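Descriptive structure summary
What follows is each chain in one-letter form.
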Amino acid sequence: LRMGVWGLDIYDDDLAVDIKEEFERYLMEGMDESEAIDELIASNDNLLDDPQDVGTFVLTVATLAKDNDVASKKVTKMLKALHRNSEYWNDLKENEEDLYEARKDLLRELL
């Protein structure tokens, strides 16, 4: 598995854990769930251009949105873009078949 990834669950990934902690910090600062999701996207949008981290980032944000009943057009748009991101999926499939399958299943759940 990739550096910082120790299992197939989305939160078995250091980056996902960091994103979740950042989300929780925004909530503690008094943002509501929807604002916190928007802030997460705004403060980490560089990850959308990272061929390795884009999947983890989008799937984590989408999972947080779903778990907190946040309907976000931005998140839906990011999921659709990830769905079409053949570079990310091909790289993952080539290197880590199990993780590829797990992430594909999660994407289908979230879309």
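Every residue gets a number counted from 1 within its own chain, in the order that chain's sequence is written. Local features are withheld for residues below a pLDDT of 70 in this predicted model, meaning they are given only at 70 or higher, and side-chain atom pairs are given and counted only at 80 or more; totals for whole chains, interfaces and linings count all residues. Calculation of side-chain values draws on the structure's entire complement of heavy atoms; hydrogens and water are dropped beforehand.

What counts as a helix is a DSSP run of H or I of at least four residues, what counts as a strand is a run of E of at least two, and both are numbered from the N terminus. Within the protein chain, the regular secondary structure consists of 6 helices and 0 strands. The order of helices and strands in the protein chain, counted from the N terminus, is α-α-α-α-α-α. The globule rule used for comparison is 2.2 Å times the number of residues to the exponent 0.38, while the radius of gyration itself is calculated over C-alpha atoms. The C-alpha atoms of the protein chain give a radius of gyration of 13 Å, which matches the 13 Å a tight globule of 111 residues would have. Projected onto its principal axes, the C-alpha positions of the protein chain cover 40 × 25 × 25 Å. Counting over 111 residues, the protein chain shows a buried share of 42%. If you take every contact in the protein chain between residues at least 6 apart in sequence, the share linking residues at least 24 apart comes to 56%. Accessible area for the protein chain stands at about 6,300 Å²; split by element, carbon and sulfur atoms hold 46% of it. Lys and Arg are tallied as positive, Asp and Glu as negative. Neither His nor the chain termini are counted. A single reference atom marks each charge: NZ on Lys, CZ on Arg, CG on Asp, CD on Glu. Positive and negative side-chain charges of the protein chain, numbering 13 and 29 respectively, have mean locations separated by a distance of 8 Å. Buried residues are those whose accessible area, probed at 1.4 Å on protein chains only, stays under 20% of the maximum for their type, while exposed residues exceed 50% and partly exposed ones sit between those limits. Here, residues are in contact when the closest pair of their heavy atoms is within 4.5 Å. In these tables, accessible area is a Shrake-Rupley quantity obtained with a 1.4 Å probe, and a residue counts as shielded only by the protein chains included in the view.

Our next topic: the pattern of salt bridges. By definition here, a salt bridge exists when the distance from a side-chain nitrogen of Lys or Arg to a carboxyl oxygen of Asp or Glu is within 4 Å. Applying the stated criterion across every chain yields a total of 4 salt bridges. Note that Lys 66 and Glu 109 form a salt bridge whose closest N and O atoms lie 4.0 Å from each other. A residue pair is termed long-range when its members are at least 10 positions apart, and Lys 66 in helix H3 (residues 54-67) and Glu 109 in helix H6 (residues 97-110) qualify at 43 residues. For Arg 108, the salt bridge identified is with Asp 105, shortest N-O distance 2.6 Å. Remark: Asp 105 and Arg 108 occur in helix H6; sequence separation between them is 3 residues, near one turn of the helix. Residue classification places Asp 105 among the partly exposed positions, given a relative accessible area of 38%.

On the secondary structure map, Asp 13 appears in the segment before helix H1 (14-28). Contact partners of Asp 13, with chain neighbours within four places excluded, come to Gly 4, Val 5, Trp 6, Thr 56 and Arg 103.

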